[in-house]
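Per-entry structural report
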Amino acid sequence: MDTSVQPDTESSLIEDLKKGNATAYKHAVREYSPGMLAVARFYMDQSGAEEIVQDCWVTVIGAIQKFEGRSGLKTWLHRIVANRCKNKLRATNREVSTDFSENLDPELASRFKSNGRWSLPPKLIFHESADTLMENEALSDCLDKHLSTLPETQRSALMLYEAHQHKSEDVCNILDVSASNLRVLLHRGRQKIFLMVETFQETGEC
Amino acid sequence: MLMCKGLAEIASDYIDDELTGRQNLSVKMHLMMCRHCRTFIGNLRASTDLLKVHSSGHGNEELIRKIDERVAEALNARTSEDGVRE
């Protein structure tokens, strides 16, 4: 499901933001802040990330005048957040550390025999559509809980790619990761979500 | 020959159409013969879709409120500056 703002709606939103229209800002803040927070959380803890997103919106009020629309508004906003985070990390000499060495989640890896065949194959088929599944409040809460325990790097990559529908190239630029490392982050994150949904479907427990 | 574990390692690349033609073909051949892996790929895809639906409506209300306040302050400050200039 693509929830992004359509191009013609986006250009009129940009015009309104340039005029300093308060209603347009309220709309944009709601539309784009979750993605901006996902970017910032890649680089720093929750409170630091929230602070960065707030500061960025104040910056946007002036900077939007120079926005020429070479990228989409969402990509532009996410880059502002990423640059601010990188500057802040540089100032404090901190670096984001991530393990890109393993492509398979250890829990999933343990379900194969030494000959590479399944020893514990997936039993259930997830038949319902994503929309129907998410009507189950307990599953939705469970997903929230598991998303919050994912390593930040995996969660941010998943959020930007899946939830905010960025292209791989944009996610790599925003998060400053190589294309191959992004593939690892996405795959590791998806496996965690798969394992969570499977446990929930089989046991009804989170 | 591609085994189940090898397929699981590149499953996301298959879903996102990021494999080379040769790799893609070996995944497809494996899937024709292995129902466990068909279930796995289907479920991994469904889990990914879940994330698209789940996250789209999510926000942090307290953060949004704080941003609204700071944006309103900054917009007001700009309006008063413009007023002074005029």
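Residues numbered from 1 in each chain as written. Chains lettered and ligands numbered in written order. Predicted model: local features only at pLDDT ≥ 70, side-chain atom pairs only at ≥ 80, totals over all residues.

Some remarks on the overall build of chain B
- Looking only at helices and strands, chain B has 5 helices and 0 strands in total.
- Starting at the N terminus, the α and β elements of chain B follow one another as α-α-α-α-α.
- Looking at the 86 residues of chain B, the share that counts as buried comes to 24%. (Helix = DSSP H or I, 4+ residues; strand = E, 2+ residues; numbered from the N terminus. Buried ≥ 20, exposed ≤ 12 C-beta atoms within 10 Å, placed from the backbone.)

Brief notes about the domain arrangement of chain A
Residues and elements named next belong to chain A.
- Annotation of chain A at the domain level lists domain 1 (7–91) and domain 2 (106–203).
- Once you take the C-alpha centre of each, domain 1 and domain 2 turn out to be 27 Å apart.
- On the side of domain 2, 12 residues touch domain 1, which itself brings 11 residues to the contact.
- If you list the elements that add at least two residues to the side of domain 1 that touches domain 2, you get helix H2 (22–43) and helix H4 (73–91).
- A per-element tally of the side of domain 1 that touches domain 2 places H4 first, with 6 residues.
- Class assignment of the residues belonging to the side of domain 1 that touches domain 2 gives a composition of 4 nonpolar, 3 polar and 4 charged. (Domains from an automatic or database assignment. Contact = placed C-beta atoms within 7 Å. Nonpolar A, V, L, I, M, F, W, Y, C, P; charged D, E, K, R; others polar.)

A word on the interface of chain A and chain B
- Contacts between chain A and chain B engage 46 residues on the former and 40 residues on the latter.
- Of all the elements in the fold, those that place two or more residues in the side of chain A that touches chain B are H2, helix H3 (46–63), helix H6 (130–134), helix H7 (137–149), helix H8 (152–163) and helix H10 (179–203) of chain A.
- Partitioning the side of chain A that touches chain B into residue classes produces 29 nonpolar, 8 polar and 9 charged.

Digging into unusual backbone geometry
- Positive phi values are uncommon outside glycine, yet Asp176 of chain A reaches one of about 60°.
- With respect to the helices, strands and loops of the structure, Asp176 of chain A is situated in the loop between helix H9 (168–175) and H10.
- The phi dihedral of Asp17 of chain B is positive, around 60°, even though this residue is not glycine.
- As for its position among the elements, Asp17 of chain B is in the loop between helix H2 (11–15) and helix H3 (21–33).
- Given 7 C-beta atoms within a 10 Å radius, Asp17 of chain B is considered exposed.

Some remarks on the confidence of the model for chain B
- With 87% of its residues at a pLDDT of at least 70, chain B reaches an overall mean of 87.
- Averaged pLDDT values for the elements of chain B fall to 83 in helix H5 (residues 61–85) of chain B and rise to 97 in helix H1 (residues 4–9) of chain B. (pLDDT = per-residue confidence, 0-100.)

Some thoughts on the packing of H4 of chain A against H9 of chain A
Residues and elements named next belong to chain A.
- Viewed as axis vectors pointing N to C, H4 and H9 meet at an angle of 25°, and their least axial separation amounts to 8 Å. As the angle between them shows, H4 and H9 are arranged roughly parallel. Along its contact with H4, which presents Thr75, His78, Arg79 and Ala82, the element H9 presents Asp170, Ile174 and Leu175. (Axes fitted to C-alpha atoms, helices over the stretch in contact; angles between N-to-C directions. Parallel < 35°, antiparallel > 145°, perpendicular 65-115°, else oblique.)

Quick word on the packing of H7 of chain A against H10 of chain A
Residues and elements named next belong to chain A.
- Taken N-terminus to C-terminus, the directions of H7 and H10 make an angle of 145°; their axes are 10 Å apart at the nearest point. Crossing hand, H7 versus H10: right-handed. Residue-level inspection shows Leu139, Cys142, Leu143 and His146 of H7 in contact with H10, the latter providing Lys192, Ile193, Met196 and Phe200.
- Classifying every residue of the contact of H7 with H10 gives 6 nonpolar, 1 polar and 1 charged. (Left-handed = near helix turned anticlockwise from the far one by under 90°.)

Some thoughts on the nonpolar core
Residues and elements named next belong to chain A.
- Among the nonpolar cores identified, the biggest contains 67 residues, and Met36, Val39, Ala40, Val53, Val81 and Ala157 are the most heavily contacted of them.
- In terms of residue count, H2 provides more of this core than any other element does, 11 residues in total.
- Residues from two domains meet in this core; each of domain 1 (7–91) and domain 2 (106–203) gives at least three.
- If we skip the residues at most four places from it in the chain, Ala40 touches Ala49, Ile52, Val53, Val81 and Cys85. (Core = buried A, V, L, I, M, F, W, Y, C linked by C-beta atoms within 7 Å.)

Looking at H10 of chain A
- Between the first and last C-alpha of H10 of chain A there are 36 Å, a value that for 25 residues agrees with the 36 Å anticipated at 1.5 Å per step.
- One or two steps after H10 of chain A, the chain reaches Gly204 of chain A, where phi turns positive at roughly 75°. (Expected span 1.5 Å × (residues − 1).)

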